[in-house]
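Summary of the model geometry
Now for the letters of each chain:
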Amino acid sequence: MTANLEVTDGVGTILLDRPPMNALDVATQDRLRELAEEATRREDVRAVVLYGGEKVFAAGADIKEMQAMDHAAMVVRSKALQDSFTAVARIPKPVVAAVTGYALGGGCELALCADFRIAADNARLGQPEILLGLIPGAGGTQRLARLIGPSRAKDLIFTGRHVKAEEALTIGLVDRVVPAAEVYEQAHAWAAGLAKGPALALRAAKESVDAGLETDIDTGLTIERNWFAGLFATEDRERGMRSFVEEGPGKAKFL
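Attention in this report is confined to the structure presented alongside it. Note that the coordinates shown come from a computational prediction; the quantities given were computed from them, not determined experimentally. (Residues numbered from 1 in each chain as written. Predicted model: local features only at pLDDT ≥ 70, side-chain atom pairs only at ≥ 80, totals over all residues. Heavy atoms only, no water.)

1. Things to note about the sheet that holds strand 9 (residues 176-178)
Which entries qualify depends on this criterion: Two strands qualify as a pair provided DSSP detects at least 2 bridges between them. Strands here mean DSSP runs of E at least two residues long; helices mean DSSP runs of H or I at least four residues long; both are numbered from the N terminus. Axis definition: a line fitted to C-alpha atoms, limited for helices to the stretch in contact. Angles are taken between N-to-C directions and run from 0 to 180 degrees.
The six strands are arranged 1-2-3-4-6-9 in an open sheet whose pairing can be described as mixed. The sheet terminates laterally at strand 1 (3-8) and strand 9, the two strands that pair on one side only. Between one strand axis and the next, the sheet turns by 20° as a mean value, whatever way the strands run. Where strand 2 (residues 11-16) lies against strand 3 (residues 47-51), five bridges are found, and the strand directions are parallel. From the neighbouring strand, T13 faces strand 3, where its bridge partner is V49.

Shown next as structure tokens:
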């Protein structure tokens, strides 16, 4: 297997396992889609960590494999590539990327599919496709611009340069920088904390934010309003409000 799903304490870790650099070949791309769909289905998975191991997150696509593809082959493959990453982005549960070492090209695009990114102090991120005469093809031109703004995204995409962890934090590409030895531990702790929360409300929050970013404000408010009202039909809402009234804020248990 090029990747697998391990579950502990409600957290499903999608672990890339294609030494030495976790190059994202076709088999790995397809496997990511399968694991994202599995994590979506499984009730024992309440939050997800994306992790490439202690040394590297993912150094990008398998260039030798791509070099052998012509235009017709990539017309067919590019949709499957994007669908694999979109499946990760649409996991209806909190997702955090634990980024160690290189997260370049497809690796950076995979990290962009997470809701939150914790980076090691030795991490390097970027979209170097321009140096191959290409552009990002797994969502980089879209998700990167939405995350850090079009001008900063164009800087990284036009130049193909790598950014170190501290610059990535400054421009909003990652959300936290920690010592390399603590990346997975902190990512798992972040996910485990949310795994104890109300699953439907978390799903509603994620879908409201993500869907709202793709549309106008009035449509976004409608999405929010429908989810907000719908949550009044859930046991978690009853439990949360009852706990607030009887015990005070922040003491509800949702499992």
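2. Section: the pairing of strand 1
Taken together, the six bridges between strand 1 and strand 2 define a ladder with antiparallel strand orientation. Paired with V7 across the two strands is G12, which belongs to strand 2.

3. Section: the layout of surface pockets
To keep things clear, this is the line we draw: We place a 1 Å grid over just the protein atoms. Points where a 1.4 Å probe fits but has no way out form a cavity, open points with protein on both sides within 12 Å along at least 5 of 7 lines form a pocket, and any residue with an atom within 4 Å of a point lines it. Grid points are joined across faces, edges and corners, and a volume is the space filled by probe spheres set on the points. Gly is put with the polar residues, along with every residue not named as nonpolar or charged; the nonpolar set is Ala, Val, Leu, Ile, Met, Phe, Trp, Tyr, Cys and Pro, and the charged set is Asp, Glu, Lys and Arg.
Its volume calculated, the second largest pocket comes out at about 340 Å³. Surrounding the second largest pocket, 17 residues form its lining, E43, R46, K93, A199 and L200 being those nearest its centre. Secondary-structure elements contributing two or more residues to the lining of the second largest pocket are helix 1 (26-41), helix 9 (199-213) and helix 11 (235-247). For the lining of the second largest pocket, the element with the most residues is helix 9, which contributes four residues. Across the lining of the second largest pocket, the residue classes tally to six nonpolar, two polar and nine charged.

4. Quick look at the packing of helix 5 (residues 140-148) against helix 6 (residues 150-159)
Here is the rule: For classification, angles of less than 35 degrees are called roughly parallel, those exceeding 145 degrees roughly antiparallel, those between 65 and 115 degrees roughly perpendicular, and all remaining angles oblique. With the far helix as reference, a near helix turned anticlockwise by less than a right angle produces a left-handed crossing, and one turned clockwise produces a right-handed crossing. By definition, residues are in contact when any of their heavy atoms lie within 4.5 Å.
Where helix 5 contacts helix 6, the two axes come as close as 7 Å, and the packing angle between them is 135°. As summarised for this structure, helix 5 and helix 6 are arranged oblique, according to the angle between their axes. Judged by the sense of rotation from one axis to the other, the crossing of helix 5 with helix 6 is right-handed. Between helix 5 and helix 6, the contacting residues are G140, T141, L144, A145 and I148 on the first element and P150, R152, A153, L156 and I157 on the second. Its residues assigned to classes, the contact of helix 5 with helix 6 comprises seven nonpolar, two polar and one charged.

5. A closer look at the nonpolar core
For clarity, the cut-off: Residues belong to a common nonpolar core when they are buried Ala, Val, Leu, Ile, Met, Phe, Trp, Tyr or Cys residues joined through side-chain atoms within 4.5 Å. Residue burial is assigned from relative accessible area. The probe radius is 1.4 Å, only protein chains are included, and a residue is buried under 20% of its type maximum, exposed over 50%, and partly exposed in between.
With 45 residues, the main nonpolar core has L50, F57, V99, L125 and L173 as its most contacted residues. If you tally residues by element for this core, the top one is helix 3 (residues 71-89), at five residues. Ignoring anything within four residues of it in the chain, the contact list for L125 reads V99, A103, L104, C108, R161, H162, V163, A168, L173 and V174. Formed by 16 residues, the second largest nonpolar core is a distinct cluster that contains A47, I118, V183 and A192.

6. With respect to helix 8 (residues 183-195)
The condition is simple: One less than the residue count of a helix, multiplied by 1.5 Å, gives the span that helix is expected to have. Of all possible arcs, the one meant is that of the directions from the helix axis to the C-beta atoms.
Taking 1.5 Å as the rise per residue, helix 8 with 13 residues should run 18 Å; its terminal C-alpha atoms sit 18 Å apart, in good agreement. Among the residues making up helix 8, those that are buried are V183, A187, H188, A191, A192 and A195. Looking down the long axis of helix 8, one finds its buried residues gathered within 150° of arc, a one-sided arrangement.

7. Focus on the environment of R176
One can find R176 in strand 9. In sequence terms R176 and A98 are 78 residues apart; their C-alpha atoms lie 10.0 Å from each other.

8. Description of unusual backbone geometry
That bond from P19 to P20 is cis: its omega, 5°, falls within 30 degrees of zero. Note that P20 resides in the loop between strand 2 and helix 1. If you check the backbone angles, D9 has positive phi at about 55° while not being a glycine. By relative accessible area, D9 is classed as exposed at 67%. Located in the positive-phi region is N22, a residue other than glycine, with phi close to 55°. One can find N22 in the loop between strand 2 and helix 1. The class for N22 is buried, based on a relative accessible area of 6%.

9. Observations concerning the sheet that holds strand 5 (residues 102-104)
Taken in spatial order, the three strands line up as 5-7-8 in an open sheet, and their pairing is mixed. Strands at the two margins of the open sheet, each flanked by one partner only, are strand 5 and strand 8 (162-164). The average angle at which neighbouring strand axes cross in this sheet is 20°, direction not considered. Judged from the three bridges that link them, strand 7 (residues 124-126) and strand 8 form a sheet pairing that is antiparallel. Looking at the pairing, R124 lines up with K164 of strand 8.

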